[in-house]
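What the coordinates show
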Amino acid sequence: MSTPDLPVSGEPDGVDPADDVTRERALRAGLHDYELDDADLALLDGGELADDLGEEPEVLPVLAIVGRPNVGKSTLVNRIIGRREAVVEDTPGVTRDRVSYPAEWAGRRFTLVDTGGWEVDVAGIDARVAEQAEVAIALADAVVFVVDATVGATATDEDVVRLLRKAKKPVVLCANKVDGPRGEADATALWSLGLGEPHPVSSLHGRGTGDLLDAAMAALPTESAHGVALPEGPRRVALVGRPNVGKSSLLNKLAGSERVVVHETAGTTRDPVDELVVLKGIPWWFVDTAGIRRRVHQTKGADFYASLRTQAAIEKAEVAVVLLDASETLTEQDTRVISQVVEAGRALVIAYNKWDLMDEDRRTYLEREIERELVQVQWAPRVNVSAKTGWHADRLVPALERSLESWDKRIPTGRLNAFLGELVAAHPHPLRGGKQPRILFATQASTRPPRFVVFASGFLEAGYRRFIERRLRETFGFEGSPIEISVRVREKRKR
């Protein structure tokens, strides 16, 4: 049975830090008899890692990009932010949620919001997408209305104009898909919409986007009426899992509003959606991600790019909540998602969703599945929730805090070596080729995740390294965080 978590310092009760320092100095002195390279010396001389200081909170004005489906809104967003962040495909309806990106133009910083295509009299998932676009307009300080100049103003475009007039927001008209001088005549026809000068743009090639942004900056107020002051240093949490497991429903329940599109169609979410959620008085950045369907190289189109964005979201996060469907059998996709999080070195919480849909027979089988399929991540906290009803959602925060505390934990070098000395004395490494490898010294190279470097006189077998990891967890906690242990074999200096 695991011992309780120790303090972050790694110093249990009854341990004198002075003894640890003395032990560390003695072991370091013994290393002088071994061949060490510059990297070894740099590691041994390295101090604590510097903390990343956050910037002052700032309220940025909000610029929303709106229009009917397939007019090039996400392509324009990628052009403005200078990277391929929003998922783009040559089919209508790829973007579904309203997605925010930090942007800058001519020295002015602002928040850019990409939206799904707005349509009138639609049902199902398209109606949910249109609702999110309307919310984006309501929460924007100014709007860029994108129209396909090659098609001209349609009845849907005129409906959007009426919506914008009702919102009473500053509007800049973008005539997109004008790839050359010949297309500018098509752009001038859009004066008929009554929104002022249409700005001819090719978001695909970048033509005219500078003039459009100049006009947008002129329309965008310097003081935001809708932007949110970002608190300092909220932790980033990625919600990941296979499609239709309830990630978006959980985010909406935590946020207390319909922040992202939820539909029974699997794979509703394409772009990662960031949302600032305050739970028990503490702000968190939750990132809703696209469901990971299969191996990335086996996907195509929008699903391929959504998978890449999900991987990037995991790497940007500090902790990942992997949602599993408790009412269904664990799949290879579930274990692959967990592996992605562990390989990325992120803290981990496993949440079993749809717990309210599970019967007693399924509960017995689930425990067996966990023992069989998730044996490598028994250290991860488990939370049983229902995203639909919010049942036990309040248990998520303590699990996140425990995982992040372990992710940040640092063990003093003297205490670490005392632990290894006792461990090796009780359970020495098995003989290899008639010789027994000896652990010379160990240090924690970094945190986030905890990385340990062990100097040894010979190779340590993988089974023995796993044994060290297991005992590290039993002694110092590390619940919810992966641990990396690397071994550097060093030979004695020749006299």
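Residues numbered from 1 in each chain as written. Predicted model: local features only at pLDDT ≥ 70, side-chain atom pairs only at ≥ 80, totals over all residues. Heavy atoms only, no water.

Our next topic: the confidence of the model for the protein. Per-chain confidence: the protein averages 81 in pLDDT, with 81% of residues scoring 70 or above. Between residues 89-96, whose pLDDT stays under 50, and residues either more than four places distant or in other chains, the model counts 29 contacts. Note that residues 265-271 has pLDDT below 50 and, in this model, 31 contacts with residues that lie over four places away or in other chains. (pLDDT = per-residue confidence, 0-100. Contact = heavy atoms within 4.5 Å.)

The next subject is the pairing of strand β3 (residues 108-114). Of all seven residues that make up β3, five are buried, and the element is covered over most of its length. With four bridges connecting them, strand β1 (residues 62-66) and β3 associate as parallel partners. Across the sheet, Leu63 pairs through a bridge with Leu112, a residue of β3. Where strand β2 (residues 99-105) lies against β3, seven bridges are found, and the strand directions are antiparallel. Each residue of the ladder has a partner; that of Tyr101, found in β3, is Leu112. Between β2 and β3, which pair antiparallel and follow one another directly, the connecting turn spans two residues, one of which, Ala106, has a positive phi of 55 degrees. (Buried < 20%, exposed > 50% of the residue type's maximum accessible area, 1.4 Å probe, protein only. Helix = DSSP H or I, 4+ residues; strand = E, 2+ residues; numbered from the N terminus. Pairing = 2+ DSSP bridges.)

Once that is clear, we can look at the side chain of Arg362. Topologically, Arg362 is positioned in helix α11 (residues 360-373). One polar contact links the side chain of Arg362 to the main-chain carbonyl oxygen of Glu328, over a distance of 2.4 Å. Discounting chain neighbours no more than four positions away, the residues touching Arg362 are Asp325, Ala326, Ser327, Glu328, Thr329, Leu330 and Glu369. (Polar contact = N/O pair within 3.5 Å; in protein donor to acceptor, adjacent residues only side chain to side chain.)

One way to put it is that helix α13 (residues 413-426) packs onto helix α14 (residues 462-476) with a least axis distance of 11 Å and a crossing angle of 120 degrees. As judged from the angle between their axes, α13 and α14 are oblique. Between α13 and α14 the crossing geometry is right-handed. Contacts from Arg415, Leu416, Phe419, Leu420, Leu423 and Val424 in α13 reach Tyr464, Phe467, Ile468, Arg471, Leu472, Thr475 and Phe476 in α14. Here the residues of the contact of α13 with α14 are counted per class, giving 10 nonpolar, one polar and two charged. (Axes fitted to C-alpha atoms, helices over the stretch in contact; angles between N-to-C directions. Parallel < 35°, antiparallel > 145°, perpendicular 65-115°, else oblique. Left-handed = near helix turned anticlockwise from the far one by under 90°. Nonpolar A, V, L, I, M, F, W, Y, C, P; charged D, E, K, R; others polar.)

Quick look at the sheet that holds strand β8 (residues 273-279) now. Taking strand neighbours across the sheet as the criterion, the six strands line up as β8-β9-β7-β10-β11-β12 in an open arrangement whose pairing is mixed. The open sheet has two edge strands with one neighbour each: β8 and β12 (382-384). Neighbour-to-neighbour, the strand axes of this sheet turn through a mean angle of 25 degrees, independent of strand direction. Two strands pair when backbone bridges link them, and strand β7 (residues 235-240) and strand β10 (residues 319-325) are joined in this way by four bridges, in the parallel orientation. Note that in β10 the partner of Leu239 across the bridge is Val321. Most of the contacts of helix α12 (residues 396-408) go to strand β11 (residues 347-353), to which it runs at about 160 degrees, and overall it touches β7, β8, β9 (282-288), β10, β11 and β12.

In this chain, Arg448 is followed by Pro449 through a cis amide linkage whose omega measures 0 degrees. Relative to the helices and strands, Pro449 is located in the loop between β13 (439-446) and β14 (451-456). Even without being a glycine, Lys354 presents a positive backbone phi close to 60 degrees. Looking at the secondary structure, you find Lys354 in the loop between β11 and α11.

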